[in-house]
Amino acid sequence: MSKKQVWFEVEENETIDACLQRMQEAGYMPISRKEEPLFEMKEGNPVPVRQIIRFKGMLCED
């Protein structure tokens, strides 16, 4: 039995469209999006590295 809601993260070398396609192939439909920055410490200061994007997917019921 699959979970009704699952978070899908856009991988580092993946486009948003590719992530949405992966969700659709797994049988999920996006219902929300969450973004948060990823920082790395350089010389004692936080430096932004990239943006982490996650989509909350709801299981599609046929």
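Keep in mind that what you see is a predicted model, and the values were worked out from it rather than measured.

Caption draft 1: Structural detail: the sheet that holds strand β2 (residues 28-42). Taken together, 3 strands build an open sheet; the order of strands is β1-β3-β2 and the sheet is antiparallel. One side of each edge strand has no neighbouring strand; the edge strands of this open sheet are β1 (5-9) and β2. Adjacent strand axes in the sheet meet at a mean angle of 25 degrees, parallel and antiparallel pairs treated alike. Looking at chain direction, β1 and strand β3 (residues 45-59) are connected through 5 bridges and run antiparallel. Within β3, the residue paired with W7 across the bridge is K56. Taken strand by strand, helix α1 (residues 16-25) contacts β1, β2 and β3, and its axis lies near 30 degrees from that of β3.

Caption draft 2: Examining the pattern of salt bridges more closely. Evaluation of the coordinates by the stated rule reveals 6 salt bridges. Between R33 and E35 there is a salt bridge, and its shortest N-O distance comes to 2.6 Å. Relative accessible area serves as the criterion here: at 44%, R33 is assigned to the partly exposed category. Given the relative accessible area of 40%, E35 is considered partly exposed. Here R54 makes a salt bridge to E36, at a shortest N to O gap of 3.4 Å. A residue pair is termed long-range when its members are at least 10 positions apart, and R54 in strand β3 and E36 in strand β2 qualify at 18 residues. Among the charged side chains, a salt-bridge network with shared partners connects E9, E36, R50 and R54.

So, how was this worked out
Residues numbered from 1 in each chain as written. Predicted model: local features only at pLDDT ≥ 70, side-chain atom pairs only at ≥ 80, totals over all residues. Heavy atoms only, no water. Pairing = 2+ DSSP bridges. Helix = DSSP H or I, 4+ residues; strand = E, 2+ residues; numbered from the N terminus. Axes fitted to C-alpha atoms, helices over the stretch in contact; angles between N-to-C directions. Contact = heavy atoms within 4.5 Å. Salt bridge = Lys/Arg side-chain N within 4 Å of Asp/Glu carboxyl O. Buried < 20%, exposed > 50% of the residue type's maximum accessible area, 1.4 Å probe, protein only.

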